[in-house]
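Summary of the model geometry
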Amino acid sequence: SALLRQRGHTVACAPLSRLSWLRIVPSVFTEAFFKGELKPQGTLDFFFEALDAAVADVGPDEDIAILGHSIGGWVARAWVVDRGEQRVKRFVTLGTPHNEPPEGLFSNIDQTRGLLKYVRANCPPDASIFTC
């Protein structure tokens with residue numbers, strides 16, 4: 001982020017810590033978890049709140065560029081759709097799995113418990129702004 005700031009860009013990082021992820025634990029005890037049908041709303045609210053905080057100081061007419069890494073890439077896609085965010089004009093992901101495991105043996109060990117499948121089906125990336 002320092003290099004981007006040196007080049008005149010405003011940078012805000014989603015304030016997450018390793019302990020933030022503990023907020024996902026309650027979803028482990030749901031029927032949706034065991035069926036592999038989790039949805040971002042409710043399960044990833046802590047991540048959405050962190051993204052809300054990161055863009056809180058961005059004006060209503062200012063553009064937002066998102067750089068997401070790993071799970072952060074597809075969670076940010078879900079956040080954009082969930083929040084109806086229209087200010088995102090550039091969206092880059094690095095090392096982000098955009099496809100859920102294939103059907104069969106590997107679908108039974110889907111670590112996202114259906115989250116990625118939901119995001120892929122309901123939060124398509126806008127090809128005019130999206131790079132991965």
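The text that follows walks through the structure, step by step, so that each part is easy to find. Quick caveat, the model's predicted, so the values are computed rather than measured.

**With respect to the environment of Trp-21**
Mapped onto the secondary structure, Trp-21 falls in the loop between helix H1 (2-6) and helix H2 (31-35). We classify Trp-21 as partly exposed; its relative accessible area is 29%. Note: C-alpha distance between Trp-21 and Leu-44 (23 residues apart in sequence) is 8.9 Å. With sequence-adjacent residues up to four places away left out, Trp-21 is seen in contact with Phe-46, Phe-47 and Ile-71.

**Some remarks on the nonpolar core**
By size, the foremost hydrophobic cluster in this structure holds 24 residues, and its most contacted members are Leu-44, Ile-66, Trp-74, Trp-79, Val-88 and Phe-91. Those elements giving two or more residues to this core turn out to be helix H4 (45-54), strand E1 (64-69), helix H5 (71-83), strand E2 (88-94) and helix H6 (115-122). The residues touching Leu-44, leaving out its near neighbours within four places in the chain, are Ile-24, Trp-74, Val-75 and Leu-115.

**Concerning the sheet that holds E2**
Taken together, the 3 strands give an open sheet; going across it, the order is E1-E2-E3, and neighbouring strands pair in parallel fashion. In this open sheet, the two strands that pair with only one neighbour each are E1 and strand E3 (130-131). Of the strand pairs in this sheet, E1 and E2 are connected by 6 bridges, and their pairing is parallel. Following the sheet pairing, Gly-68 is matched in E2 by Thr-93.

Each value, and the rule that gives it
- Residues numbered from 1 in each chain as written.
- Predicted model: local features only at pLDDT ≥ 70, side-chain atom pairs only at ≥ 80, totals over all residues.
- Heavy atoms only, no water.
- Helix = DSSP H or I, 4+ residues; strand = E, 2+ residues; numbered from the N terminus.
- Buried < 20%, exposed > 50% of the residue type's maximum accessible area, 1.4 Å probe, protein only.
- Contact = heavy atoms within 4.5 Å.
- Core = buried A, V, L, I, M, F, W, Y, C linked by side-chain atoms within 4.5 Å.
- Pairing = 2+ DSSP bridges.

On their own, these measurements won't tell you what the molecule is for.
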